[in-house]
Amino acid sequence: MLASKSTTKWIYKIMEQMNTEIACIRLGDVHIIPVTCPTIAREFLRKHDASFGSRPITMASDIITNGYLTTVLVPFGEQWKKMKKIITNDLLSPLKHQWLQDKRNEESDNLMFYLYNKCNNGGLVNIRIVTQHYCGNVFRKLFFNTRYFGNGVKDGGPGIEEVEHVDAVFILLNYVFAFSASDYFPCLRLLDLDGHKGKVKNAMRIMNKYHDSIIEERIKQWKDGTKNVEEDLLDVLISLKDVNNNPLLTKKEIKAQVIELMMATIDNPSNVVEWTLVEMLDQPELFQKALDELDNIVGKDRLVQESDIPKLNFLKACARETFRLHPITAFNVPHVSMKDTIVGNYLIPKGSHVLLGRSGLGRNPKVWSEPYKFKPERHLKNDGSDIALTEPDLNFISFSTGKRGCPAVMLGTTMTIMLLARLLHGFTWSANPSISRIDLMKSKDIIDVISLDEPLEITAKPRLASKLYNVCNK
Ligand code: HEM
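Reading guide: rules and limits
Residues numbered from 1 in each chain as written. Predicted model: local features only at pLDDT ≥ 70, side-chain atom pairs only at ≥ 80, totals over all residues. Heavy atoms only, no water. Helix = DSSP H or I, 4+ residues; strand = E, 2+ residues; numbered from the N terminus. Rg over C-alpha atoms; globule rule 2.2 N^0.38 Å. Buried < 20%, exposed > 50% of the residue type's maximum accessible area, 1.4 Å probe, protein only. Areas by Shrake-Rupley, 256 points an atom, 1.4 Å probe, with all protein chains shown as cover. Lys, Arg positive; Asp, Glu negative; His and termini not counted. Charge placed at Lys NZ, Arg CZ, Asp CG, Glu CD. Donors = N, O, S within 2.8 Å, 3.2 Å for Na, K, Ca; no water. Pairing = 2+ DSSP bridges. Axes fitted to C-alpha atoms, helices over the stretch in contact; angles between N-to-C directions. Contact = heavy atoms within 4.5 Å. Phe/Tyr/Trp six-rings, centres within 6.5 Å; stacked < 30°, edge-to-face > 60°. Lys NZ or Arg CZ within 6 Å of the ring centre and 35° of its normal. Expected span 1.5 Å × (residues − 1). Bend = angle between axes of the 7 residues up to and from the residue. Near = heavy atom within 4 Å. Polar contact = N/O pair within 3.5 Å; in protein donor to acceptor, adjacent residues only side chain to side chain.

1. So, the overall build of the protein chain
Working step 1: Along the backbone of the protein chain there are 17 helices and nine strands.
Working step 2: Taken over C-alpha atoms, the radius of gyration comes to 22 Å for the protein chain, in line with the 23 Å a tight globule of 474 residues would show.
Working step 3: The buried share of the protein chain, reckoned over its 474 residues, is 57%.
Working step 4: About 20,500 Å² of surface is accessible on the protein chain, with carbon and sulfur atoms providing 52% of the total.
Working step 5: Averaging the positions of the 61 positive and the 56 negative side-chain charges in the protein chain gives two centres separated by 2 Å.

Laid out in structure tokens, this is it:
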């Protein structure tokens, strides 16, 4: 494992060599159970969901969650129950989603403004910057009621503060479950041999640099009464009360939870949209189909709105296909077994780390014909009924399922489809003339190459009347 450059690749290779869809790899004292078979995956997260609802204790998750005060990375227990309830009921309920619509709209409109300005400056666009910063902007708007931490940038793009902020999130995401040797061999913990601890701590320092002063000031405002109306999700977190009318969450809990939610918000939608565009450039007929759908449903006299999403079935099929073929991570967030359990005739010992293979499930040839071909049509329904991005059958993983499933299907779907739809409907995209063909083949032999080596850089031209882009840049 240590000799191999990438542990995820090493695991997939072992499974391929053994021709198996479930394996058990012992790292130190830990049994790692990778799974690429949907039937077995369903046994884990449906039939035996109650037994597999915990998370591993790792160096990175301990630092990020400030000692397990949050939700996603927290082992099963009272803290997880409390925080998951708050996130599901108080932050992500349908009512809150509606309450926050104007803020999301401001960021969808700023996206158009920013790209239109890019068009007026040669039109070359780094799609990764655009997608990651749209997601970062939405997050900052929802939680901090601001797009910018600093003075902002006139063209609507990210400033140095936002670039540093989003880069720090991706460092945390890269190292959160990166098979740090010290997680399996605790005697190595103090040494930080692979350097992961230093990187995580540094990224956390950057996150705290931006978040702490805002959160502390806001708590003070609520305490001294200068603030008494909830305007964003940070206000909601601060205002929650326990049965004795005391604050339900401590400052530490709020700070840690906000960072973890930022990690949960940015990675998937930005990755899906970048990869979908790559695949569409490779198969231009897909571009045309998506545009036909958009022109048919939205027309060319207005911008796409969130209310259009239910009708954009081809776009949703494209997003599903990207979740299947190009997931952001090779494995789902680990699930830890809380007792010895028999799954698929195998004894899974208590404490095992179950890793559902996102790329392994999505590219499983027993489930998917031509698994490496990007074919959105495979997700369309014969009766034309609505398509969702969820996949509770685990034939690939988008929002996963069960008690540790993602509580943000509505927000995640809205962000992904609005971003994709606005990019496609608002602009005509063409590959940079110096790139003859985007190298899609890479992802075929190297199963854990998740994002493109280089960010996608393509050229945009407006396709709508100019007045539609000159939206108020709030
Ligand atoms: C397209 C967007 C998103 C996708 C595809 C996605 C996917 C996922 C996945 C695969 C998991 C792990 C499930 C498991 O352990 O089996 C997860 C967990 C989670 N996600 Fe999302 N997510 C998205 C957006 C968001 C957003 C926007 C938020 C909140 C603002 C969020 C909050 C959470 C939380 C709190 C958990 C932890 C659940 C738990 O451990 O109990 N996600 N998500």
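2. Comments concerning the coordination of the iron atom of the ligand
Working step 1: When only protein atoms are considered, the iron atom of the ligand has one donor, C406 (SG), at a distance of 2.3 Å.
Working step 2: Note on placement: C406 falls in the loop between α15 (358-362) and α16 (409-426).

3. Remarks on the sheet that holds strand β3 (residues 124-126)
Working step 1: Taken in spatial order, the three strands make up an open sheet running β3-β9-β8, and their pairing is antiparallel. Two strands bound the open sheet, and with one partner strand each, they are β3 and β8 (427-431). Averaged over all pairs of adjacent strands, the angle between strand axes in this sheet comes to 45 degrees, irrespective of strand direction.
Working step 2: Taken together, the five bridges between β8 and strand β9 (residues 457-462) define a ladder with antiparallel strand orientation. Bridging across to β9, S430 finds its partner in T459.
Working step 3: Seen against the sheet, helix α6 (residues 101-119) touches β3, β8 and β9 and runs at an angle of roughly 55 degrees to β8.

4. Here we look at the packing of aromatic side chains
Working step 1: Throughout the structure, instances matching the rule amount to twelve aromatic pairs.
Working step 2: Ring centres of F144 and F149 lie 6.0 Å apart, and the angle between their planes is 55 degrees; on these two criteria the pair is classed as tilted.
Working step 3: Seen in terms of ring centroids, F427 and Y469 are 5.3 Å apart; in terms of plane orientation they differ by 50 degrees. Their pairing is tilted. Within this pair, whereas F427 is found in strand β8, its partner Y469 is found in the segment after β9, the two being separated by 42 residues in sequence. Y469 matches F427 in its accessibility class, with the two residues each being buried.
Working step 4: For R324, the ring lying beneath its charged end belongs to W368, and the centroid distance is 5.3 Å.

5. Here's the deal with helix α10 (residues 196-224)
Working step 1: Taking 1.5 Å as the rise per residue, α10 with 29 residues should run 42 Å; its terminal C-alpha atoms sit 41 Å apart, in good agreement.
Working step 2: Within α10, the axis deviates most sharply at H211, by approximately 35 degrees.
Working step 3: The complete set of buried residues in α10 reads H196, V200, A203, M204, I206, M207, Y210, H211, I215, R218 and I219.
Working step 4: Buried residues along α10 sit in contact with α3 (59-64), α7 (127-144), α8 (160-176), α11 (233-239) and α12 (251-282).

6. Examining the environment of L286
Working step 1: Relative to the helices and strands, L286 resides in helix α13 (residues 284-297).
Working step 2: When its relative accessible area of 3% is taken as the criterion, L286 is described as buried.
Working step 3: Residues L286 and F374, spaced 88 residues apart in sequence, show a C-alpha to C-alpha distance of 9.8 Å.
Working step 4: Not counting chain neighbours up to four residues away, the residues in contact with L286 comprise E279, M280, F314, F374, P376 and E377.

7. A short note on the site of the ligand
Working step 1: The ligand sits among 28 residues. The nearest are R55, K84, H335, S400 and C406.
Working step 2: Residue R404 places a side-chain N or O atom 2.8 Å away from an oxygen atom belonging to the ligand.
Working step 3: Broken down by secondary-structure element, the contributors of at least two residues to the shell around the ligand are α4 (78-91), α12 and α16.
Working step 4: The leading source of residues in the shell around the ligand is α12, at five residues.

Any functional reading would require information beyond the geometric quantities listed.
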